[in-house]
Every structure is written in structure tokens, then in C-alpha cells.
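In case you want the letters, here they are:
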Amino acid sequence: MKVLLVSADPAVRETMELAARSVTRTIGNQPLEFLEAKDGLVGMRMAWRHNPDVVVADEITSRAGAFALAKDLKGSEPPHPARIVILLDRAQDEWLAAWSEADAWFVKPVNPFQLADVLTGFLAAPHKEAV
């Protein structure tokens, strides 16, 4: 499983990675690879180049935020196959997460166990869910 973490804040990327690492008990011996991008534009290029299974993006990411990233990936033809999770700064932005076609979203501070549960669910079910 390949996970792209997109945030300008290294502490947020670290929290994302710690939560994602807990899915190793579900994926077994499959390798778990992490890619990091410090802004949304780099994240878009990395997603198309490296084809991650999951993209976890912080809402406030310089040079194209999480909503632009998700809309670019999901709105392309054909859509990018990665599942996209957005970490929101405020609950009022949930409609933007839905508009951007994110597969799931959380309002910060994120409970890493809930994030890990959603990532684990992505491995088992192809349906869309919002948190």
C-alpha cells in the first residue's frame, strides 16, 4: 500500500503517517510506502507520477489546498484511483470536502485511531464514506 501525505506542517504529516502505519496489521506482509509533499501542487504531481492507493491531505496546504488536490485527481478523465482523505480545520468546510469528491474527511484535531480505521476500511470496501 502506497500512501501520499500532503501538508505544509511536518507535525501533521507525522501524525498522518503514525495513523496510517497502524494498518500494517490489516495488510499483513504487503509493503507500506509513504510519500510526502509539502504543498498541494507537488502533491498533485506526485499522485500522478507515483500512483498512491491513498492520499491524506491537510486542508491548509500552500500552493493549492486539499480541495483543489482532490478535485484535480477525482475530476480528471479517467479519475485518479486513489482514495482521498482531507483533514479539515473547521466543520463548516465539510461541504467543500464533499464537493471536491474526497472519500472521507475529518475535522482537526484528528483522532489517529479513526483515521486508521478509515484507511483500513479503504482496503476492504470500495464505497465512498464521509466522517
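Below or above, wherever it landed, is the structure these notes cover. Because the structure is a prediction, the values reported are computed rather than measured.

### A few points about the sheet that holds strand β2 (residues 33-37)
The strand order across the open sheet formed by five strands is β2-β1-β3-β4-β5, and the pairing between neighbours is parallel. Each of the sheet's edge strands pairs with one partner strand only, and the pair in question is β2 and β5 (104-107). Averaged over all adjacent pairs, the angle separating strand axes in this sheet is 15°, with direction ignored. Bridge count between strand β1 (residues 2-6) and β2: five bridges; the pairing is parallel. The partner of valine 3 across the bridge, within β2, is phenylalanine 34. Running over the sheet, helix α4 (residues 66-75) touches β1, β3 (54-58) and β4 (83-88) and is turned about 165° from β4.

### Things to note about the pattern of salt bridges
Inspection of every chain in the model, using the stated rule, returns eight salt bridges. Measuring nitrogen to oxygen at the nearest pair gives 2.6 Å for the salt bridge that ties arginine 21 to glutamate 17. With arginine 21 and glutamate 17 both in helix α1 (residues 10-21) and four residues apart, this pair spans about one turn of that helix. The network of salt bridges with common partners includes Asp58, Asp89 and Lys108.

Parameters at a glance
Residues numbered from 1 in each chain as written. Predicted model: local features only at pLDDT ≥ 70, side-chain atom pairs only at ≥ 80, totals over all residues. Heavy atoms only, no water. Pairing = 2+ DSSP bridges. Helix = DSSP H or I, 4+ residues; strand = E, 2+ residues; numbered from the N terminus. Axes fitted to C-alpha atoms, helices over the stretch in contact; angles between N-to-C directions. Contact = heavy atoms within 4.5 Å. Salt bridge = Lys/Arg side-chain N within 4 Å of Asp/Glu carboxyl O.

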